[in-house]
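# Coordinate analysis (summary)
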Amino acid sequence: MNAVGIICEYNPFHLGHARMLKGLRRQYDAPLVCAMSGNFVQRGDAAVAHKHARGEMAVRCGADLVLELPTPWAMASAERFAAGGVALLASTGVVSHLAFGSECGETEPLERAAEALLSPALTAELKRELEGGIPFAAARQRALASVTDEATARLVESPNNILAIEYIRAIYELGLDLGFMTIRREGAEHDGPGEGSIRSASELRSRLAAGKSCAGFMPDAALAVFD
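In short, a report on the structure. (Residues numbered from 1 in each chain as written. Predicted model: local features only at pLDDT ≥ 70, side-chain atom pairs only at ≥ 80, totals over all residues. Heavy atoms only, no water.)

Our focus in this paragraph is the packing of helix α5 (residues 107-117) against helix α9 (residues 159-173). Geometry of a packed helix pair, given as the angle between the helix axes and the separation of the axes. Viewed as axis vectors pointing N to C, α5 and α9 meet at an angle of 60°, and their least axial separation amounts to 8 Å. As far as their axial angle goes, α9 and α5 are oblique. Handedness of the α5/α9 crossing: right-handed. Each of L110, E111, A113, A114, E115 and L117 in α5 lies in contact with α9, whose residues at this interface are N161, A164, I165, E166, I168, R169 and Y172. (Axes fitted to C-alpha atoms, helices over the stretch in contact; angles between N-to-C directions. Helix = DSSP H or I, 4+ residues; strand = E, 2+ residues; numbered from the N terminus. Parallel < 35°, antiparallel > 145°, perpendicular 65-115°, else oblique. Left-handed = near helix turned anticlockwise from the far one by under 90°. Contact = heavy atoms within 4.5 Å.)

See below:
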């Protein structure tokens, strides 16, 4: 293994991110290269902190190199966000594996979903569902269920699973010799409040916007960047 790549926003960098980097370092003993959104993120908002500050948070907490994912990809759909990040990391010539979080925590079901999304059978089913007038997300889930099974289709109900599937799909579509592994997401849900020390980035953004402290929810080294 040369280096492990991570596609991220770190908006802001929290204890869940720190745990992931620490675990990857311990398990693989390889450099960690991050492809991180710049000053604007996928939701179309400005990031909670400047890209250099967020990059510094990552480096202070275990990343070896932080590269900027250009804005056209950083602010795009999950499919384009994933494709841009995967292509950027692969272009370094040193990243041999991609690591990403998921609610699923297993690569096999995610691979099965990614392969199905690339199949002509799914394209035909998706077209048929969309002709019925239902929203794209619902149509894709129903089409996925029709060519795989209900358990696989339910994967696309969760945001980190969706990105994980798109990362794998991008690797296949681009024909890259890039290994991958997933880590089960722990703590608060993607957009929800949580208990304990691992909170969602959205909750931390709300705390920062309200002038509240994020002490105890961000690594001290990352929190110090705000000082």
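Having put the structure on the table, let's press on.
For the pair helix α6 (residues 120-130) and helix α7 (residues 136-147), interaxial distance at closest approach is 8 Å and the crossing angle is 135°. By the criterion of interaxial angle, the relationship of α6 to α7 is oblique. At the point where α6 passes α7, the crossing takes the right-handed sense. When α6 is examined against α7, the residues A121, L122, E125, L126, E129 and L130 are found in contact with a partner set consisting of F136, A139, R140, R142, A143, L144, S146 and V147. Residues of the contact of α6 with α7, tallied by class, amount to nine nonpolar, one polar and four charged. (Nonpolar A, V, L, I, M, F, W, Y, C, P; charged D, E, K, R; others polar.)

Don't take any of this as a statement about function, it's just geometry.
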